[in-house]
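Summary of the model geometry
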Amino acid sequence: MSEFRPPGFPTTARLTYLVGERRPILLDTGAGLPEYPPLLGGFLATEGLDGVARVVLTHRHRDHMGGVLDVRRLYPRIPVGKLVVNDPTLPVPMDPIQEGTVIRGDGVTLRALHTPGHASDHVSYYLEEERALFTGDLILGGSTTVIPPDDGDLGVYLASLRRLLDLDIRRIYPGHGPVLEPARPVIEQYIAHRLDRERQILAALGAGAETVGEIVARVYREVAPALHPVARLSVQSHLVKLEREERVRRRPGDPDRYRTT
């Protein structure tokens with residue numbers, strides 16, 4: 001199993017993985033950067049590998065699916081698979097991947113786990129031979145995951161994380177950042193972080209903050225202002241969850257202001 005990226009890319013850059021022996025499975029395709037196809041082809045040749053057997057995708061976001069057409073140009077008949085959910089357009093026809101789909105490669109077995117929350121089509125892949133999980137953007141190395149307002153759902157995301165606690169996972173191969181091991185403390189920390197942030201947001205509301213901007217200013221006071229737009233997405237995802245649970249509500253006549261119930 002190999003991970004690779006164009007030379008000089010930081011460790012937080014998008015990772016793709018080759019999973020298997022002589023003819024591996026390619027897991028995700030990167031963002032479609034011009035450096036990627038020659039890097040992939042050169043790596044396979046240097047390692048003496050017999051091309052790529054197939055491509056499987058974690059989800060539709062460009063930094064994971066953007067290189068599909070480039071890979072198809074290298075290997076015109078290569079099958080590409082993903083869970084097709086809320087996908088109005090796709091770059092190529094996709095082999096359907098569902099919850100529980102087993103993908104057998106050269107010396108490896110991947111089992112698909114539907115893990116939505118960051119995206120409705122998000123799939124993680126359990127590598128049975130290593131008791132390892134390729135987490136895409138469900139769990140990252142060194143940072144937390146953004147919950148996009150259009151297709152993300154924090155409550156669903158937490159349910160996906162909690163589901164992992166019931167699995168025998170030894171190692172995590174994230175979509176960004178270094179390999180994480182042992183896995184269980186990482187999963188528990190991810191859940192605890194979100195619940196702690198939820199408590200901070202409720203405390204900020206109780207202390208007089210009302211708008212998303214006011215909550216961000218209180219909760220993320222030690223974070224550089226340049227990162228506050230990302231923090232806003234986090235706060236908004238929490239408020240959607242809390243409003244659904246009837247723990248906060250919007251102030252009458254002003255939908256941009258919140259209060260606790």
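Parameters and conventions
In this convention, every chain numbers its residues from 1, walking through the sequence in written order. Given that this is a predicted model, residues contribute local features only at a pLDDT of at least 70 and side-chain atom pairs are listed and counted only at 80 or more, while totals for whole chains, interfaces and linings are drawn from all residues. Heavy atoms throughout the structure, all of them, feed into the side-chain values; hydrogens and water do not. Whether two aromatic rings pair depends on their centres lying within 6.5 Å, for rings of Phe, Tyr and Trp, where Trp uses its six-membered ring; planes under 30 degrees apart make the pair stacked, over 60 edge-to-face, and the rest tilted. The secondary structure listing takes helices from DSSP runs of H or I that are at least 4 residues long and strands from runs of E that are at least 2 residues long, numbered from the N terminus. Burial classes: relative accessible area under 20% of the type maximum marks a residue as buried, over 50% as exposed, and values in between as partly exposed (1.4 Å probe, protein chains only). Here the term cavity refers to a set of points on a 1 Å grid, laid over the protein atoms alone, in which a 1.4 Å probe fits but cannot get out; the term pocket refers to an open set having protein on both sides within 12 Å along at least five of seven lines, with lining residues being those that place an atom within 4 Å of a point. Grid points are joined across faces, edges and corners, and a volume is the space filled by probe spheres set on the points. Angles run from 0 to 180 degrees between N-to-C directions of axes, and those axes are lines fitted to C-alpha atoms, restricted for helices to the stretch in contact. Angles are sorted into four bins: roughly parallel if under 35 degrees, roughly antiparallel if over 145, roughly perpendicular if 65 to 115, and oblique for all others. We call two residues contacting when some pair of their heavy atoms lies within 4.5 Å. Note on residue categories: nonpolar means Ala, Val, Leu, Ile, Met, Phe, Trp, Tyr, Cys or Pro, charged means Asp, Glu, Lys or Arg, and polar means any other residue, Gly included.

**Thoughts on the packing of aromatic side chains**
- The full count for this structure, using the stated rule, is three aromatic pairs.
- Where Phe134 meets Tyr173, the ring centres are 4.9 Å apart and the plane angle is 20°; that geometry is what we call stacked. Of the two residues, Phe134 sits in strand β10 (residues 132–136) while Tyr173 sits in strand β11 (residues 171–174), which places them 39 residues apart along the sequence.
- Classification of Tyr173 by relative accessible area gives buried; the value is 7%.
- Within the aromatic cluster, the residues linked to one another by ring pairs are Tyr17, Phe134 and Tyr173.

**Describing the layout of surface pockets**
- Approximately 460 Å³ is the volume found for the largest pocket.
- Thr144, Val146, Val230, Ala231 and Ser234 are, among the 21 residues lining the largest pocket, the residues nearest its centre.
- When residues of the lining of the largest pocket are traced back to their parent elements, those giving at least two are α5 (183–206) and α7 (228–244).
- The dominant element in the lining of the largest pocket, judged by the number of residues it contributes, is α7, at six residues.

**What to know about the packing of α5 against α7**
- For the pair α5 and α7, the least separation of the axes is 10 Å and the interaxial angle reads 85°. In terms of orientation, α5 and α7 fall into the roughly perpendicular class. Residues Arg194, Arg197, Glu198, Ile201, Leu202 and Leu205 of α5 form the contact with α7, whose own contacting residues are Ser234, Val235, His238, Leu239, Lys241 and Leu242.
- The residue inventory of the contact of α5 with α7, partitioned by class, reads six nonpolar, two polar and four charged.

Purely spatial values, then, with no claim about function.
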